[in-house]
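Spelled out, the chains give:
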Amino acid sequence: TRFLYDKHVPDELQNRILAYYDYCHSRNILAGNNESTTLMHELNTGLRQDLAVYLAEDTIGRVPIFKGKDRRLILELMDHLVQEVFAPGELIVTEGEVGTCMYFITRGWAEVVLGILRGEEVTLDTLKEGDIFGEVALVRHPCDTLLQ
């Protein structure tokens, strides 16, 4: 885009950003581009919360420490949820990085790979919809951890 060019953003980063938007657009997953976003904005607060809790129970309820918790806790957790989209090939976290977030995979998959930065890639696992990772961040940073 013109903005990236005007700000002299390196070509490699521009290409990654454009690939991200292409990926999101092709799957209709950018904020404001789907029926659920429209519906949530049109509902009153009570209905919006009830629907959000119902939709989140399946995801949050899979995590043993959250299973069976009451509606208030689910609503509190949801205040901290942030949707992030990662295009294929993007790094979510890197080896050795101290985690500050817990991630719920609600769509798609992610590979756990060691040695990317050294060029010695070894795939350890493939996480799929319904899997979580980064939960150790809840123990390390209990007060300021965001659930994603």
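Definitions and limits used
- Residues numbered from 1 in each chain as written.
- Predicted model: local features only at pLDDT ≥ 70, side-chain atom pairs only at ≥ 80, totals over all residues.
- Heavy atoms only, no water.
- Helix = DSSP H or I, 4+ residues; strand = E, 2+ residues; numbered from the N terminus.
- Buried < 20%, exposed > 50% of the residue type's maximum accessible area, 1.4 Å probe, protein only.
- Contact = heavy atoms within 4.5 Å.
- Polar contact = N/O pair within 3.5 Å; in protein donor to acceptor, adjacent residues only side chain to side chain.
- Phe/Tyr/Trp six-rings, centres within 6.5 Å; stacked < 30°, edge-to-face > 60°.
- Core = buried A, V, L, I, M, F, W, Y, C linked by side-chain atoms within 4.5 Å.
- Expected span 1.5 Å × (residues − 1).
- pLDDT = per-residue confidence, 0-100.
- Axes fitted to C-alpha atoms, helices over the stretch in contact; angles between N-to-C directions.
- Parallel < 35°, antiparallel > 145°, perpendicular 65-115°, else oblique.
- Nonpolar A, V, L, I, M, F, W, Y, C, P; charged D, E, K, R; others polar.

## Some remarks on the overall build of the chain
Across its full length, the chain holds six helices and five strands. The N-to-C order of helical and strand elements in the chain reads α-α-α-α-α-β-β-β-β-α-β. In the chain, which comprises 148 residues, the share counted as buried stands at 24%. In the chain, 52% of the contacts between residues at least 6 apart in sequence involve partners at least 24 apart.

## Notes on helix α4 (residues 45-60)
When α4 is considered as a whole, its buried residues turn out to be Ala52, Val53, Ala56 and Ile60. Here α4 starts with a cap whose side-chain oxygen sits 3.2 Å from the backbone nitrogen of Gly46, and that cap is Asn44.

## With respect to the packing of aromatic side chains
One pass over the structure, following the stated rule, counts three aromatic pairs. Relative to Tyr21, the ring of Tyr20 has its centre 5.5 Å away and its plane inclined at 80°; by these criteria the two rings are edge-to-face. Since its relative accessible area comes to 22%, Tyr20 is described here as partly exposed. Residue Tyr21 is classed as partly exposed on the basis of its relative accessible area, which comes to 44%. For the pair Phe86 and Tyr103, a centre-to-centre distance of 6.5 Å together with 65° between the ring planes defines the contact as edge-to-face. You can see Phe86 sitting in the loop between α5 (71-78) and β1 (101-104) and its partner Tyr103 sitting in strand β1, a full 17 residues away along the chain. An aromatic cluster is present here, built from Phe86, Tyr103 and Phe133 joined pairwise through their rings.

## A short note on the nonpolar core
Nonpolar side chains tend to gather and get buried jointly when the protein is soluble and globular. Counting residues in each nonpolar core, the largest one holds 14 residues, and the members touching the most others are Ile60, Phe66, Met78, Met102 and Phe104. Met78 has contacts with Ala52, Val53, Ala56 and Ile60, leaving out every residue within four places of it along the chain. Grouped together as the second largest cluster of nonpolar side chains are six residues, Tyr103, Ile105, Leu127 and Phe133 included.

## Observations concerning helix α2 (residues 11-26)
Between the first and last C-alpha of α2 there are 22 Å, a value that for 16 residues agrees with the 22 Å anticipated at 1.5 Å per step. Asn28 sits one or two positions beyond α2 and adopts a positive phi of about 55°.

## Considering the confidence of the model for the chain
Model confidence for the chain is summarised by a mean pLDDT of 80, while 89% of its residues fall at 70 or above. In the predicted structure, residues 142-148 sits below a pLDDT of 50 and forms 25 contacts with residues beyond four places in sequence or in another chain.

## So, the environment of Asp22
Checked against the element boundaries, Asp22 lands in helix α2. Take Asp22: its relative accessible area is 55%, and that puts it in the exposed class. Along the backbone, Asp22 and Ala87 are 65 residues apart, and their C-alpha atoms lie at a distance of 9.1 Å.

## Here we look at unusual backbone geometry
Within the chain, His8 stands out as a residue other than glycine whose phi angle is a positive 60°. Along the chain, His8 falls in the loop between α1 (2-6) and α2. On the basis of relative accessibility, which here comes to 69%, the residue His8 falls in the exposed class.

## Considerations on the environment of Leu77
Assignment of secondary structure puts Leu77 in helix α5. Along the backbone, Leu77 and Ile60 are 17 residues apart, and their C-alpha atoms lie at a distance of 8.8 Å.

## Regarding the packing of α4 against α5
At their nearest, the axes of α4 and α5 sit 10 Å apart, and the two run at 90° to each other. Judged on the interaxial angle alone, α5 and α4 are roughly perpendicular. Where α4 approaches α5, its residues Gly46, Gln49, Asp50, Ala52, Val53, Ala56 and Ile60 are matched on the opposing element by Arg71, Ile74, Leu75, Leu77 and Met78. Tallied by class, the residues present in the contact of α4 with α5 amount to eight nonpolar, two polar and two charged.

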